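Remarks on the overall topology
Chain by chain, the residues run as shown.
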Amino acid sequence: MRKLSLPKLIAVAIVSQIHGVWAEYEELPTLVVEGEMMEPGTVSLQPGSTGALDAADFLNYVPGGNVNRNGPLTGIAQFRGLFGERVNLLTNDMALKPACTNAMDDPASHIPSSLFQSITVYREVTPVSTGLETIGGTVQMKSRESEFTDEKKFSLQGFGSAGYSGVSNGHYGAGLFGVANQHFRAHFAGSVERGRDYRFDRTRRVNSSKYSRETYELGFGLRGAGHEFGFTYDNKYTGHSGTPSLPMDILFDRMSIYRGEYHWDLGSGWKLSFLGFYQNANHVMNNFSSRPAPTNKKRWREAETELETGGYKFTVTIPNIGPGSLQLGFDGDVALHNAVIRNPNNTAFFVSNFEDVNRNRYSVYAEWRGEPFEKFTVTTGVRYRYTYMDAGKVDGTPARKIAAAKTLRDRFNAADRRQDQHDVDVGMNFRYALRDSVDLVLGLARKTMAPTYQQRYTWLPLESTGGLADGRVYIGNIGLDSEKSYEVVAGFDLRLDHWGDWIHDIYFEPRGFYRYINDFIQGQRATDPTVLAAANAMLPGRTCPNDPSPGDNDASDCVLQWANVNAQLYGTDIQAGLAVGDHFRLDGLLNYTRGQKLSGKDDNLYRIAPLNGLIRGTFSWWDFSFSTELVGALHQDKVADYNKENFGLECVEPALAVSALLSLCPRA
Ligand SMILES: [Cu+2]
């Protein structure tokens, strides 16, 4: 945080986009990134000014990271090939959830980029202490807030930023105003973002890709005599915003988040900590306000979803347990989901998509960190988690008119919908300093994840998939088992101060990973005749992307049912860089992931990012810095057959883009 007498800072971002063929991206993110090592094995980026719309874009700047983008304000985190809820995404330490059944309001996009502070990922095995379910790693995102100072005297803190992007005629403004001294801090922050449909080739536009969002946040903190307390209230309103790869667009999304934390430093290494949050959200999406409405008025749909959730985490750190310290934790997280689908042209029509669905998790863990031998550090943890899930009885117009849909409803209502899951996670990381400039690293883990509520409780074949965007309809499977992942990560960190007279600050940090997932949950072609009959009656003439027999009035190849299969993922991610002379540096990333289904018919996993990388050159002089980037991705031909993924190929043509940013910052 820069301390200014008033928000004097005006950040001017000149974004020049020379070439943008990567249709999946509305704007190419352009930013100045300062890489910073937090602790060995973690990467944290702290961007300066940026042309990126939301925090999800910063995932492209961490090794192994990627974004599944379904709209300008809808990005879903992908890390080493796993995405969505498998990635434990934390926003200011909270596991926020989307209210939307298709994750239109995914937490990866929660923080507007102008209020974004940092993103952190773990490059070895993600420690079990970082979250309840960390099968796909933990991504920690932080927003800007007021900070304590070292002085008695109060000082003002501030920050302001504004920008414009040409492709969508978009503009944003954001600011933070705060006061703080050594014992007290308080702030108000807010942002506004607006943009029209993304245009390309002069006359063409992506329908619908406009966006509109307003946020504000109030926060304060107290500190003294080893105690620290903090509270924030965060409000977000998203208006008409497009999600072109999903069947509907956002009409609105209203979200409130309350967060409290307390830390007590008892001295000599003893620490107590508590974090609690409460989130509620109300969301409506439809298929007729932002995109061309279906000509058949019977096909108009509007869905309203509600979310109420909260979580807590107690930790105690005990020093001197052997040559290290032990952290014990107790955490819980409860969520209640409701969703109903309607047709504004027929007030009698309804489908209770999800009715009082609970997904509650309660967990305890122990994690030890220490240095048992010289130059050899270990982090090792074990976590037990109990997951409780249940759903209320459902109904809907199709179940009153279609015999097969009635059977599905009655079957669902008669089933034992309550499910209890007991799972154990283990994670271990070893780091050995082979030489002053070389660390060897090794991580081993077993991680688990209980099914999502969509995977269990989608009772009619519908496109409620948490944002898969594959154009298929899915039916749930109440009896699904938890996923079990067995993971190994290995690599090294090479760091050299100097190489010759000119080259310095050199780093080269590759990692290789392999993961076998037992009971991996994905869609399989539905075979249940009742499900297929219901789909045919509900969706007459339904075709889906790459339907092998379009127009045959047979929905069966568009209907998938969630199932446990076995899968493996492996790959590598590398980050490297060096500085030349006093003013120039080069940094780069390279990511490769391969995902395969192993049980049944051979297949690739869905939506795995292709081989991709970036190279960034930065020229700094006085307080100016100028960066230019080269972003590239290869064609992805290892696509999933179960949902005929080759439909999306034109979105991953080889892309080459150069972007530039000039940022002007005052001396700190
Ligand atoms: Cu939605």
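Residues numbered from 1 in each chain as written. Predicted model: local features only at pLDDT ≥ 70, side-chain atom pairs only at ≥ 80, totals over all residues. Heavy atoms only, no water.

1. Topic: the overall build of the chain
When its secondary structure is counted, the chain shows 4 helices and 33 strands. Looking at the chain as a whole, 58% of its 668 residues are labelled buried. Counting contacts in the chain only where the partners sit at least 6 residues apart, residues at least 24 apart contribute 69% of the total. For the chain, the computed accessible surface area is about 27500 Å², with 58% contributed by carbon and sulfur atoms. (Helix = DSSP H or I, 4+ residues; strand = E, 2+ residues; numbered from the N terminus. Buried < 20%, exposed > 50% of the residue type's maximum accessible area, 1.4 Å probe, protein only. Contact = heavy atoms within 4.5 Å. Areas by Shrake-Rupley, 256 points an atom, 1.4 Å probe, with all protein chains shown as cover.)

2. Details of the coordination of the copper ion
Those protein atoms acting as donors to the copper ion are Cys100 (SG), Met104 (SD), His283 (NE2) and Met285 (SD), and they sit at 2.0 to 2.5 Å. One can describe the site at the copper ion as tetrahedral: its 4 donor atoms subtend angles covering 97 to 116° at the metal. For the copper ion, all donor residues lie on one chain, and their spacing in sequence is C-x3-M-x178-H-x1-M. Of this pair, Cys100 sits in the loop between β7 (88–91) and β8 (116–122) while His283 sits in strand β18 (residues 270–286), and the two are 183 residues apart along the sequence. Summarising the burial analysis for this pair, Cys100 and His283 share the class buried. (Donors = N, O, S within 2.8 Å, 3.2 Å for Na, K, Ca; no water. Tetrahedral: all angles 85-135°; square planar, octahedral: opposite > 155°, others 65-115°.)

3. Focus: the sheet that holds strand β5 (residues 74–79)
As summarised here, the arrangement of the 3 strands in space is β4-β5-β6, forming an open sheet in which the pairing is antiparallel. Each edge of the open sheet carries a strand with a single partner, namely β4 (65–71) and β6 (82–83). Pairing geometry for β5 and β6, over 2 bridges, is antiparallel. Counterpart to Phe79 in the pairing with β6 is Leu82. (Pairing = 2+ DSSP bridges.)

4. Some points on the nonpolar core
Residues Met104, Val351, Phe412, Tyr457, Trp459, Leu460 and Val559 are the most contacted members of the largest nonpolar core, which totals 40 residues. Broken down by secondary-structure element, the contributors of at least two residues to this core are β20 (324–343), β21 (346–373), α2 (403–414), α3 (453–457), β25 (473–475) and α4 (529–538). In this view, Val559 contacts Pro461, Val473, Gln524, Arg525, Ala526, Val531, Leu532 and Ala535; residues no more than four positions away in its chain are not counted. Grouped together as the second largest cluster of nonpolar side chains are 22 residues, Ala55, Ala108, Leu115 and Phe116 included. (Core = buried A, V, L, I, M, F, W, Y, C linked by side-chain atoms within 4.5 Å.)

5. Focus: the pattern of salt bridges
For the coordinates displayed, the defined rule picks out 39 salt bridges. For Arg259, the salt bridge identified is with Asp93, shortest N-O distance 3.6 Å. Pair noted here: Arg259 is in strand β17 (residues 249–267) and Asp93 is in the loop between β7 and β8, with a separation of 166 residues, a long-range link. When its relative accessible area of 7% is taken as the criterion, Arg259 is described as buried. Its salt-bridge partner being Arg342, residue Glu304 comes within 3.7 Å of it at the nearest N-O pair. Of this pair, Glu304 sits in strand β19 (residues 302–318) while Arg342 sits in strand β20; the two residues are 38 residues apart in sequence, bridging distant segments of the chain. Within the structure, one salt-bridge network assembled from shared partners comprises Lys97, Glu133, Asp333, Arg359, Arg361, Arg385, Asp423 and Asp425. (Salt bridge = Lys/Arg side-chain N within 4 Å of Asp/Glu carboxyl O.)

6. Section: the pairing of β5
Counted residue by residue, β5 has 6 buried out of 6 residues, so it is predominantly covered. The alternating pattern of β5 places Thr74, Ile76 and Gln78 on one face and Gly75, Ala77 and Phe79 on the opposite face, and all of these are buried. Looking at chain direction, β4 and β5 are connected through 6 bridges and run antiparallel. Its bridge partner lying in β5, Gly71 is registered against Thr74. Count of turn residues in the β4/β5 antiparallel hairpin: 2 residues.

7. Notes on the environment of Thr120
For Thr120, the position within the fold is in strand β8. Separated by 22 residues in the primary sequence, Thr120 and Lys142 place their C-alpha atoms 8.8 Å from one another.

8. A few points about unusual backbone geometry
The phi dihedral of Asn92 falls on the positive side, at around 50°, and the residue is not glycine. Turning to its location among the elements, Asn92 is positioned in the loop between β7 and β8. Residue classification places Asn92 among the buried residues on the basis of a relative accessible area of 12%. For Arg607, which is not glycine, the phi torsion reads 60° and is therefore positive. When you line up the elements, Arg607 lands in the loop between β30 (603–604) and β31 (612–621).

9. What to know about the side chain of Glu133
Structurally, Glu133 can be placed in the loop between β8 and β9 (138–143). On the basis of relative accessibility, which here comes to 3%, the residue Glu133 falls in the buried class. Among the polar contacts made by the side chain of Glu133, one reaches the side chain of Arg361 at a distance of 2.6 Å. Reaching out from Glu133, the side chain makes a polar contact with the backbone nitrogen of Ala450 at a distance of 2.9 Å. Dropping the residues within four chain positions of it, Glu133 is found in contact with Asn88, Arg359, Arg361, Arg385, Thr448, Met449 and Ala450. (Polar contact = N/O pair within 3.5 Å; in protein donor to acceptor, adjacent residues only side chain to side chain.)

10. Some points on α4
Restricting attention to buried positions, one finds in α4 the residues Thr530, Val531, Leu532, Ala534, Ala535 and Met538. Summarising the contacts, the buried residues of α4 are in contact with α1 (397–401), α2, β25 and β28 (559–580). N-capping of α4 is provided by Asp528, with a side-chain oxygen placed 2.9 Å from the backbone N of Thr530.

11. Notes on the confidence of the model for the chain
Close inspection of predicted coordinates is inappropriate for parts of the model with low pLDDT. The share of residues in the chain with pLDDT of 70 or more is 87%, and the mean pLDDT across the chain is 86. Between residues 46–51, whose pLDDT stays under 50, and residues either more than four places distant or in other chains, the model counts 28 contacts. (pLDDT = per-residue confidence, 0-100.)

12. Remarks on the packing of aromatic side chains
Applying the stated criterion across every chain, the model contains 20 aromatic pairs. Both rings, one in Tyr237 and one in Phe252, keep their centres 6.5 Å apart while their planes meet at 10°; by these two values the pair is stacked. Here Tyr237, found in strand β16 (residues 227–238), pairs with Phe252, found in strand β17; they are 15 residues apart in sequence, far enough to count as distant. Accessibility expressed as a relative area gives 29% for Tyr237, which makes it partly exposed. The exposure class assigned to Phe252 is buried, which follows from its relative accessible area of 15%. Among the aromatic residues, those joined into a cluster by ring pairs are Phe188, Tyr216, Tyr233, Tyr258 and Tyr278. One Lys or Arg, Arg185, reaches over the ring of Phe148 and ends 5.5 Å from the middle of that ring. Here Lys297 stacks its cationic end above the ring of Trp300, 5.1 Å away from the centre of that ring. (Phe/Tyr/Trp six-rings, centres within 6.5 Å; stacked < 30°, edge-to-face > 60°. Lys NZ or Arg CZ within 6 Å of the ring centre and 35° of its normal.)

13. Quick notes on α2
For an α-helix, the turn length of 3.6 residues means that residues three or four places apart are oriented alike. In this model, α2 (12 residues) spans 16 Å end to end at C-alpha, consistent with the 16 Å of a helix rising 1.5 Å per residue. Of all the positions in α2, only Ala404, Ala405, Leu408, Arg409, Phe412 and Asn413 are classed as buried. Buried-residue contacts for α2 involve α1, α3, β25 and α4. (Expected span 1.5 Å × (residues − 1).)

14. Quick notes on the side chain of Asn343
In this structure, Asn343 sits in strand β20. Residue classification places Asn343 among the buried residues on the basis of a relative accessible area of 5%. Of the polar contacts made by the side chain of Asn343, one reaches the backbone oxygen of Lys298; its length is 3.3 Å. Setting aside anything within four residues of it in sequence, one finds Asn343 in contact with Lys297, Lys298, Arg299, Trp300, Arg301 and Phe349.

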